[in-house]
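# An overview of the molecular structure
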There are 2 protein chains.
Amino acid sequence: MWDQEVMMPAGGVEQRAAELELLAVLEHRRTLGDGIDELLDRATGELGDRSPDSPERADLREWGRERERASRLPEHLVAERARLESHAQSAWSRARAANDFAGFAPWLDRLLANARSRGEALRVDARHADAWEALAEDYEPGLSAQRFSELLDELVPRQRALLAELRGRPVPRLPRMPAATDRQEALVRALSVAIGFDFDRGRLDRSTHPFCSGTHPGDVRITTRFDPEWFPEAVSTVLHESGHGLYEQGLPQEAAGRPWGKAASLGAHEGQSRLWENHVGRSRGFWSFAQPLVVEHLGLEFAAFDAETMWRSQCAVEPSFIRVDADEVTYDLHVALRFRIERDLVAGNLAVSDLPERWNHDFRELFDLEVPDDRRGCLQDVHWAAGLFGYFPTYTLGNLQAAQLYAEAYRELGDLDAAFAAGEFRPLLAWLRRRVHAFGARLSAAELVRHATGRELGTAAFLDSLEARYRAAHDVN
Amino acid sequence: MWDQEVMMPAGGVEQRAAELELLAVLEHRRTLGDGIDELLDRATGELGDRSPDSPERADLREWGRERERASRLPEHLVAERARLESHAQSAWSRARAANDFAGFAPWLDRLLANARSRGEALRVDARHADAWEALAEDYEPGLSAQRFSELLDELVPRQRALLAELRGRPVPRLPRMPAATDRQEALVRALSVAIGFDFDRGRLDRSTHPFCSGTHPGDVRITTRFDPEWFPEAVSTVLHESGHGLYEQGLPQEAAGRPWGKAASLGAHEGQSRLWENHVGRSRGFWSFAQPLVVEHLGLEFAAFDAETMWRSQCAVEPSFIRVDADEVTYDLHVALRFRIERDLVAGNLAVSDLPERWNHDFRELFDLEVPDDRRGCLQDVHWAAGLFGYFPTYTLGNLQAAQLYAEAYRELGDLDAAFAAGEFRPLLAWLRRRVHAFGARLSAAELVRHATGRELGTAAFLDSLEARYRAAHDVN
């Protein structure tokens with residue numbers, strides 16, 4: 001998907017679509033291959049009194065779930081999805097560039113019809129309230145739409161209130177200043193090493209859309225982009241991707257290639273990346289440590305800005321039309337918007353033709369802003385064009401996880417801010433390794449949080465942290 | 001292989017080795033799957049009087065050859081090769097960096113034992129004179145070591161004589177001058193477009209080791225690197241890779257994924273890349289066209305050098321210890337060195353422990369130069385570490401093909417040099433499309449040359465061209 005959207009020339013679409021369709025069908029058939037049920041049954045029989053969070057049970061649970069879901073999905077829906085996505089992404093790309101919603105609408109219609117059929121086929125009454133929930137299980141197993149809705153109902157009003165509080169109290173901002181990208185690269189590499197990313201088992205490269213790909217704990221690759229006049233972008237990006245990378249490098253080596261050797265969920269992954277990006281990378285202590293490195297790598301002209309200024313600048317809040325440009329205070333409003341609309345689309349309660357109006361209406365309600373065009377509105381994200389219905393909640397779950405884990409680490413490890421100022425990130429990393437990474441997928445994301453923090457995932461830690469940190473940075477008392 | 005050598009962190013070696021071994025074994029088993037012989041037989045029966053160069057016959061010939069070769073190879077040799085290569089490449093990388101031949105020697109011993117066994121297993125008396133020839137068929141089907149040896153016997157003395165003639169008559173050289181890499185990129189992109197590379201069906205990116213990857217005529221990707229003070233490197237590289245890319249884009253679209261939709265051989269591929277790199281890119285006409293573009297993209301300071309100087313500078317000749325840095329006049333001497341040594345290694349006539357001495361001795365004979373260390377000697381190439389025995393001849397076959405095709409195109413199309421000066425590259429490209437690209441693998445590399453030029457592949461066109469072009473550039477009469 002990434003290659004197709006970012007790299008592939010237009011001439012490759014047809015061939016790629018055919019290949020992806022074939023691959024999807026082959027994978028589907030393989031999951032349903034003869035004799036697998038018997039093997040799973042026999043293995044389950046041999047487990048004896050192995051505990052539910054043992055590696056073996058985790059493997060069997062995941063294999064069984066994959067197989068059970070595959071067996072519910074008719075092959076023609078699998079093939080159709082793969083075929084649709086390839087073409088729809090190209091259409092979306094063109095439509096977004098041309099601000100032409102009508103050019104994408106017929107594709108979205110077909111994508112939704114397919115998603116709805118898949119969701120209905122996958123839905124198990126005892127487990128899923130609706131088709132949307134059945135789809136979301138691909139990204140966040142066990143996610144309840146009802147529960148997520150409640151979480152948003154807690155988040156949205158307090159985030160909007162915080163936004164209102166901060167309005168009119170701008171933080172000092174770093175100016176845009178030229179910084180050669182090779183120097184920026186040296187800087188962010190030093191920061192990534194400092195927080196513990198292991199370059200003997202990983203790489204840092206450049207790409208237009210930053211990402212982290214982990215094929216194995218010994219080979220984890222992150223990428224970033226550089227704005228030649230705005231180094232903080234690369235710092236945030238590399239902390240975020242390093243957070244993903246640290247999780248991948250910390251997964252149990254001996255389980256590589258087995259289901260339990262994977263991350264617990266996409267939300268859990270996002271929890272790690274956002275913990276390092278936001279709770280570490282937007283802390284006063286981190287910038288006490290990083291400011292001298294900025295001056296060392298980028299040049300003496302950066303000495304004009306002290307650690308305090310750099311830290312506050314990273315806490316600037318400004319509502320944006322674009323989700324990927326959003327700050328920490330408003331990010332989840334973007335998720336709320338999409339989650340609510342998406343459920344209505346999948347349920348058939350919202351016609352595609354009415355999507356732009358609904359989007360703009362809801363955006364106004366959440367942000368008090370008028371969406372100027374669909375490019376900055378309902379056409380901005382690739383997710384639906386890629387058939388990813390049920391994916392957006394993982395971003396907010398990541399925010400909640402990050403905050404709850406970080407609060408617990410802080411409670412147990414003492415003044416982390418002071419440790420960061422001294423360049424000590426290892427205690428935090430060791431704690432995450434022990435409490436999160438080492439489990440792989442033996443615990444679900446929900447169990448992981450419960451196990452590490454002693455309570456269910458909720459909004460309190462996140463909202464408290466947001467309010468405390470952003471009020472401090474904005475001098476609100 | 002490329003990823004492992006260029007990108008993969010050291011921590012990924014073990015896992016990668018295991019994966020590659022599994023993939024190699026799975027591919028081997030798949031090629032030998034039940035019922036395939038019957039299908040091939042039935043298809044052959046249905047072909048009737050289809051001509052030998054029909055697409056269907058080409059497909060069956062290639063499928064049959066793959067299957068026949070796979071059936072001769074015991075699975076344990078396939079697995080061992082894959083396993084060995086992963087580890088040996090890491091060992092080679094370290095050994096080269098440390099100039100430590102002894103650190104690589106045990107791996108080379110094992111690689112050779114495996115290659116010898118594979119060669120013996122693959123060898124068909126009627127087709128192969130020895131194990132080496134059986135191995136070389138993977139890269140250049142139908143290659144005769146005897147014939148290649150004769151070609152080298154014609155090439156080496158005349159290339160050495162030309163080298164002696166040119167010695168002491170240096171051409172004017174461009175100085176090293178700073179040129180921002182984004183400007184260089186704009187320049188080489190313009191040149192690539194000018195010669196006909198289609199960016200709607202291709203991309204140009206950056207990588208440490210330049211390459212061309214063609215998955216389909218609609219998606220062909222080339223890469224280059226940039227020396228910030230020496231733009232001609234990127235020009236040569238992009239012309240070379242665009243040459244590969246033009247071939248890939250010109251392959252029959254309807255045959256994508258079928259054997260006959262592929263290039264005829266590696267030598268044929270190299271023939272296309274070297275034609276554009278050397279016969280076009282080192283011509284007076286090309287530089288008349290390119291010089292104003294250089295000034296436009298890189299800056300007015302480059303106007304100090306006229307087209308004549310740029311052209312001559314690209315024809316500088318200087319013996320190098322390193323093959324990949326070699327100029328056109330001495331390149332095949334590097335191939336001759338490797339070909340002769342490699343055959344002796346595979347035949348068991350040369351012990352690995354004697355390799356450095358033999359290399360340095362032969363290098364002295366060919367170049368009249370003392371190899372200073374193994375890093376610049378027998379440790380320089382990745383090929384053997386990657387199990388690629390029999391690969392080197394394809395470079396020289398490419399040189400010969402390029403020259404013979406270009407001479408014929410010149411004969412038929414008239415003064416190409418004048419066309420290049422006017423920015424007209426399409427007639428040459430159209431000729432190559434018609435005579436080479438459109439055939440895919442329906443004709444073998446040897447048949448392709450015979451068909452396009454009316455004679456067998458030989459050294460005359462290449463040597464005549466080399467002498468004429470390099471004497472002109474060096475003012476030798």
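Residues numbered from 1 in each chain as written. Chains lettered and ligands numbered in written order. Predicted model: local features only at pLDDT ≥ 70, side-chain atom pairs only at ≥ 80, totals over all residues. Heavy atoms only, no water.

## Some details on the overall build of chain A
What counts, and what does not: In DSSP terms, a helix is any run of H or I states spanning at least four residues, a strand is any run of E spanning at least two, and both are numbered starting from the N terminus. Values of the radius of gyration come from C-alpha atoms, whereas the globule rule sets the reference at 2.2 Å times the count of residues to the power 0.38. For each residue, the accessible area found with a 1.4 Å probe, counting protein chains only, is set against the maximum for its type, and the residue is called buried under 20%, exposed over 50%, and partly exposed in between. The contact definition used throughout considers only heavy atoms, calling two residues in contact when any of these lie within 4.5 Å. Positive charges come from Lys and Arg, negative ones from Asp and Glu, while His and the chain ends are left out of the count. Charge coordinates come from a single atom per side chain, which is NZ of Lys, CZ of Arg, CG of Asp or CD of Glu.
Scanning chain A from N- to C-terminus turns up 20 helices and 3 strands. Over its C-alpha trace chain A gives a radius of gyration of 23 Å, about what one expects of a compact globule, namely 23 Å for 477 residues. Overall size of chain A, expressed as C-alpha extent along the three principal axes, is 65 × 55 × 45 Å. Expressed as a percentage of its 477 residues, the buried residues of chain A come to 57%. Contacts in chain A between residues far apart in sequence, at least 24 positions, make up 73% of those at least 6 positions apart. Each charge sign in chain A was given a centre, from 58 positive and 78 negative side chains, and these centres are 1 Å apart.

## Some thoughts on the sheet that holds strand β3 (residues 219-224) of chain B
All names here are of chain B. We apply this condition: When DSSP finds two or more bridges between two strands, those strands count as paired. For every element, the axis is a line fit to its C-alpha atoms; helices are fit only across the contacting stretch, and the angle between N-to-C directions ranges from 0 to 180 degrees.
What the 3 strands build is an open sheet, ordered β1-β3-β2; its pairing is mixed. Strands at the two margins of the open sheet, each flanked by one partner only, are β1 (202-206) and β2 (212-216). Strand after strand, the sheet turns through a mean of 15° between neighbouring axes, direction not considered. Across the face of the sheet, helix α9 (residues 181-195) comes into contact with β1 and β3 while running at roughly 150° to β1. Contacting β1, β2 and β3, helix α10 (residues 231-250) runs over the sheet at an angle of about 165° to β3.

## A closer look at the sheet that holds strand β2 (residues 212-216) of chain A
Residue and element names in this part refer to chain A. If you walk across this open sheet you meet the 3 strands as β1-β3-β2, and the pairing is mixed. The open sheet is flanked by β1 (202-206) and β2, the only strands paired with a single partner. Shown here is a sheet whose adjacent strand axes are inclined to one another by a mean of 15°, direction ignored. Docked against the sheet, helix α9 (residues 181-195) engages β1 and β3 (219-224), running at close to 150° with respect to β1.

## Description of the interface of chain A and chain B
The accessible area lost on association of the parts is a frequent measure of interface size. Counted only if it meets this: What makes a salt bridge here is a side-chain nitrogen of Lys or Arg within 4 Å of a carboxyl oxygen of Asp or Glu, nothing more. Counted as a polar contact is a pair of N or O atoms within 3.5 Å, where, for protein atoms, one must be capable of donating a hydrogen and the other of accepting one, and residues adjacent in sequence contribute only when both atoms are in side chains.
Every contact between the two is made by 21 residues of chain A and, on the other side, 22 residues of chain B. Put simply, chain A and chain B have 2 salt bridges between them. Ionic pairing is found between A:Asp219 and B:Arg16, a salt bridge with its closest N-O pair at 3.5 Å. At the boundary of chain A and chain B, one finds 8 residue pairs in polar contact (both at pLDDT 80 or more). Looking at the side of chain A that touches chain B, the elements that each hand over two or more residues are α1 (2-6), α2 (13-31), β1 and β3 of chain A.

## Structural notes on the relation of the copies chain A and chain B
The relation between the two copies of this chain is a rotation about an axis and a shift parallel to it. To keep things clear, this is the line we draw: The copies were overlaid by least squares, fitting only the C-alpha atoms of residues that reach a pLDDT of 70 or more in each copy.
Mapping chain A onto chain B calls for a screw motion: a turn of 180° about the axis and a shift of 0.1 Å along it, with 0.0 Å RMSD after fitting. Look at the turn and shift together and you get a two-fold axis relating the two. Nearest to the rotation axis, the C-alpha of A:Arg206 is located 5.1 Å from it, this being the minimum over chain A. Same-surface contact between copies: 100% of interface residues of chain A are shared with the interface of chain B.

## Some points on unusual backbone geometry
Most peptide bonds take the trans configuration, and most residues that are not glycine carry a negative phi. All names here are of chain B. The phi dihedral of Asn-99 is positive, around 55°, even though this residue is not glycine. Assignment of secondary structure puts Asn-99 in the loop between α5 (75-98) and α6 (101-122). With a relative accessible area of 27%, Asn-99 lands in the partly exposed category.

## Details of the packing of helix α8 (residues 145-166) of chain B against helix α14 (residues 331-347) of chain B
All names here are of chain B. What counts, and what does not: Roughly parallel refers to an angle under 35 degrees, roughly antiparallel to one over 145, roughly perpendicular to one between 65 and 115, and oblique to any angle outside these ranges. Working rule for handedness: look at the near helix, and if it is turned counterclockwise from the far one by less than a right angle, call the crossing left-handed; if clockwise, right-handed.
Remark: α8 packs on α14, axes separated minimally by 10 Å, with the N-to-C direction vectors making an angle of 140°. Between α8 and α14, the angle is such that the two are oblique. For the pair α8 and α14, the sense of crossing is left-handed. Across the interface between the two elements, Ala-145, Phe-148, Ser-149, Leu-152, Asp-153, Leu-155, Val-156, Gln-159 and Arg-160 from α8 touch Asp-332, Leu-333, Val-335, Ala-336, Phe-339, Arg-340 and Arg-343 from α14.

## A closer look at the domain arrangement of chain A
All names here are of chain A. The cut-off we apply is this: The start and end points of each domain follow an automatic or database-based domain assignment. A simple way to read buried area is as the amount of 1.4 Å-probe accessible surface that goes missing from two parts once joined, with both sides added. Each residue is assigned to one of three groups, with Ala, Val, Leu, Ile, Met, Phe, Trp, Tyr, Cys and Pro labelled nonpolar, Asp, Glu, Lys and Arg labelled charged, and all others, Gly among them, labelled polar.
Under the domain assignment, chain A is made up of domain 1 (2-136) and domain 2 (143-477). Relative to domain 2, the C-alpha centre of domain 1 lies at a distance of 26 Å. Contacts between the two partners involve 38 residues from domain 1, matched on the other side by 40 residues from domain 2. Here domain 1 and domain 2 share an interface that buries about 3,300 Å² over both sides, 65% of which is from carbon and sulfur atoms. A per-residue breakdown of the area domain 1 buries against domain 2 is headed by Asn-99, Phe-101 and Trp-132, which together make up 22% of the total. Across the pair Arg-258 and Asp-59 runs a salt bridge whose closest N-O atoms are separated by 2.6 Å. One can count 17 residue pairs in polar contact (both at pLDDT 80 or more) joining domain 1 with domain 2. Going through the elements one at a time, α1, α4 (55-72), α5 (75-98), α6 (101-122) and α7 (131-136) are the ones with two or more residues in the side of domain 1 that touches domain 2. Considering only residue class, the side of domain 1 that touches domain 2 consists of 20 nonpolar, 3 polar and 15 charged.

## Comments concerning the packing of helix α8 (residues 145-166) of chain A against helix α16 (residues 393-413) of chain A
Residues and elements named next belong to chain A. Axis separation between α8 and α16 bottoms out at 12 Å; the angle between their running directions is 60°. As the angle between them shows, α8 and α16 are arranged oblique. By crossing handedness, the relation of α8 to α16 is classed as left-handed. Across the interface between the two elements, Phe-148, Leu-151, Leu-152 and Leu-155 from α8 touch Pro-393, Thr-396, Leu-397 and Leu-400 from α16.

## What to know about the environment of A:Arg203
Residues and elements named next belong to chain A. With respect to the helices, strands and loops of the structure, Arg-203 is situated in strand β1. When the C-alpha positions of Arg-203 and Ile-222 are compared, they lie 6.2 Å apart, and in sequence the two are 19 residues distant. A distance of 2.7 Å separates polar atoms of two side chains, one belonging to Arg-203 and the other to Asp-205.

## Looking at helix α3 (residues 36-46) of chain B
With 1 of 11 residues buried, α3(B) lies mostly on the surface of the structure. One or two residues past the end of α3(B) sits B:Gly48, with phi positive at roughly 60°.

## A look at the nonpolar core
Residue and element names in this part refer to chain A. Rules: Nonpolar cores were defined as sets of buried Ala, Val, Leu, Ile, Met, Phe, Trp, Tyr and Cys residues, with membership established by side-chain atoms within 4.5 Å.
Counting 132 residues, the largest nonpolar core has Phe-231, Trp-276 and Leu-428 as the members making the most contacts within it. Residues lining this core come from more than one domain, with at least three contributed by each of domain 1 (2-136) and domain 2 (143-477). Those residues in contact with Leu-428, other than ones at most four positions away along the chain, are Leu-275, Trp-276, Val-280, Tyr-406, Ala-409, Leu-413, Leu-416 and Phe-420.

## A word on the confidence of the model for chain A
When pLDDT is low, close inspection of the predicted coordinates is not appropriate. So the rule is basically this: The score called pLDDT rates the predictor's confidence residue by residue, from a low of 0 to a high of 100.
Confidence in the prediction of chain A, expressed as mean pLDDT, is 95, and 99% of residues score 70 or more. Of the two predicted TM-score estimates for the complex, the pTM is 0.83 and the ipTM is 0.73.

## Considerations on the packing of aromatic side chains
To describe a pair of aromatic rings, one takes the distance between the centres and the angle between the planes. To keep things clear, this is the line we draw: Between rings of Phe, Tyr and Trp, where Trp is taken as its six-membered ring, a pair exists when centres lie within 6.5 Å; planes separated by under 30 degrees are stacked, by over 60 edge-to-face, and by other angles tilted. Note on criteria: charge over ring means Lys NZ or Arg CZ within 6 Å of the ring centre, with the direction from the centre no more than 35 degrees off the ring normal.
What the rule picks out here adds up to 36 aromatic pairs over all chains. Judged by centre distance (6.3 Å) and plane angle (85°), the rings of B:Trp359 and B:Trp384 are edge-to-face. With B:Trp359 in helix α15 (residues 355-367) and B:Trp384 in the loop between α15 and α16 (393-413), this pair connects stretches of sequence that are 25 residues apart. Taken individually, B:Trp359 and B:Trp384 each receive the classification buried, so the pair is uniform in this respect. Across from the ring centre of A:Tyr331, 4.3 Å away, lies the NZ or CZ of A:Arg274, which sits over that ring. Geometry around B:Phe392 places B:Arg338 over its ring, the cationic atom sitting 5.6 Å from the centre.

## Focus: the pattern of salt bridges
Applying the stated criterion to the full structure yields 95 salt bridges over all chains. One salt bridge connects A:Arg176 with A:Asp227, and the closest N-O pair in it is separated by 3.1 Å. Highlighted residues: A:Arg176 in the loop between α8 and α9 and A:Asp227 in the loop between β3 and α10 (231-250), separated in sequence by 51 residues. Note that B:Arg158 and B:Asp464 form a salt bridge whose closest N and O atoms lie 3.1 Å from each other.

## Let's talk about the side chain of A:Ser273
Residue and element names in this part refer to chain A. Turning to its location among the elements, Ser-273 is positioned in helix α11 (residues 266-280). Only 3.0 Å separates the side chain of Ser-273 from the backbone oxygen of Glu-270, close enough to count as a polar contact. Beyond its immediate sequence surroundings of up to four residues, Ser-273 is in contact with Leu-239, His-240, Gly-243 and His-244.

## Some words on the side chain of B:Asp327
All names here are of chain B. When you line up the elements, Asp-327 lands in the loop between α13 (307-313) and α14. Engagement of the side chain of Asp-327 in a polar contact is seen with the backbone nitrogen of Glu-318, the distance being 2.8 Å. Sequence-distant contacts of Asp-327, defined by excluding residues within four places in its chain, comprise Ala-316, Val-317, Glu-318 and Pro-319.

## Observations regarding the environment of A:Leu466
All names here are of chain A. On the secondary structure map, Leu-466 appears in helix α20 (residues 460-473). Look at Leu-466 and you get buried, because its relative accessible area is 0%. The residues contacting Leu-466, other than those within four sequence positions of it, are Gln-159, Leu-162, Glu-328, Val-329 and Arg-471.

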